[in-house]
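Understanding the architecture of this molecule
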Amino acid sequence: MANVERPHLIVPGRSLWDEFLAALRYQLTCTRLKPCDACSDDYRHATDVMQMLAVEKGVVIDIDCSLAAMRRRGGMCDCRILDVEVNE
């Protein structure tokens with residue numbers, strides 16, 4: 001039987017969270033704007049960062065479940081994800 005790896009979740013306290021958060025922060029601030037000014041009130045940047053991490057690390061990331069978990073923690077859009085704390 002083939003060894004099937006479960007998709008990774010990008011949530012606080014998990015292995016890729018710090019890397020994801022740093023890349024998202026960079027993407028939202030590399031224009032020298034405040035993160036809330038670069039945010040489009042959606043998950044465009046967060047989705048891009050997760051897709052990039054999946055390719056870089058050679059893993060499968062469950063983007064929908066990761067975003068749902070961030071919403072439950074108050075991350076209602078890209079800039080609000082930056083405020084999500086590790087509560088575990």
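Quick summary incoming for the structure in this document.

Calculation rules
Residues numbered from 1 in each chain as written. Predicted model: local features only at pLDDT ≥ 70, side-chain atom pairs only at ≥ 80, totals over all residues. Heavy atoms only, no water. Helix = DSSP H or I, 4+ residues; strand = E, 2+ residues; numbered from the N terminus. Contact = heavy atoms within 4.5 Å. Buried < 20%, exposed > 50% of the residue type's maximum accessible area, 1.4 Å probe, protein only. Lys, Arg positive; Asp, Glu negative; His and termini not counted. Salt bridge = Lys/Arg side-chain N within 4 Å of Asp/Glu carboxyl O. Expected span 1.5 Å × (residues − 1). Arc of directions from axis to C-beta. Phe/Tyr/Trp six-rings, centres within 6.5 Å; stacked < 30°, edge-to-face > 60°. Core = buried A, V, L, I, M, F, W, Y, C linked by side-chain atoms within 4.5 Å. Axes fitted to C-alpha atoms, helices over the stretch in contact; angles between N-to-C directions. Parallel < 35°, antiparallel > 145°, perpendicular 65-115°, else oblique. Left-handed = near helix turned anticlockwise from the far one by under 90°. Nonpolar A, V, L, I, M, F, W, Y, C, P; charged D, E, K, R; others polar.

Our next topic: the overall build of the protein chain. Each helix and strand in the protein chain was counted, giving five helices and zero strands. For the protein chain, the succession of helices and strands along the chain, N to C, is α-α-α-α-α. Of all intrachain contacts in the protein chain linking residues separated by at least 6 positions in sequence, the fraction that spans at least 24 positions is 68%.

Turning next to the side chain of D78. Within the secondary structure layout, D78 lies in helix α5 (residues 78-81). Notably, D78 is buried but unbridged: the nearest opposite-charge side chain belongs to R44, and the N-O separation is 6.2 Å. Excluding residues within four positions of it along the chain, D78 makes contact with L24, L28, C39, D42, Y43, R44, H45 and A46.

A separate point is helix α1 (residues 17-29). End to end, α1 covers 18 Å across 13 residues, agreeing with the expected 18 Å (1.5 Å per residue, within 8%). Buried within α1 we find W17, F20, L21, L24 and L28. An end-on view of α1 places all buried positions within 95° of arc, on one side of the element. Away from its buried face, by an angle of more than 90 degrees, α1 presents the exposed residues D18 and Y26.

Once that is clear, we can look at the packing of aromatic side chains. Evaluated as defined, the whole model comprises one aromatic pair. Summarising the aromatic geometry, the rings of W17 and F20 are spaced 5.6 Å apart at their centres and angled 40° between planes, so their arrangement reads as tilted. Linking W17 with F20, this pair stays in helix α1, spanning three residues, or about one helical turn. In terms of burial, W17 and F20 fall into one category: buried.

Within the largest apolar cluster, 22 residues are counted, with the highest numbers of intra-cluster contacts made by F20, M50, I61 and I81. Going through the elements one at a time, α1, α3 (44-57) and α4 (63-72) are the ones with two or more residues in this core. In contact with I61, other than residues within four places in its own chain, are H8, I10, L16, M50, L53, A54 and S66.

To continue, consider the packing of α3 against α4. Contact geometry of α3 with α4 gives a least axis separation of 11 Å together with a crossing angle of 135°. Relative to α4, the element α3 is oriented oblique. The hand of the α3/α4 crossing is right-handed. Touching A46, T47, M50 and Q51 of α3 are I63, S66, L67 and M70, all from α4. Its residues assigned to classes, the contact of α3 with α4 shows five nonpolar, three polar and no charged.

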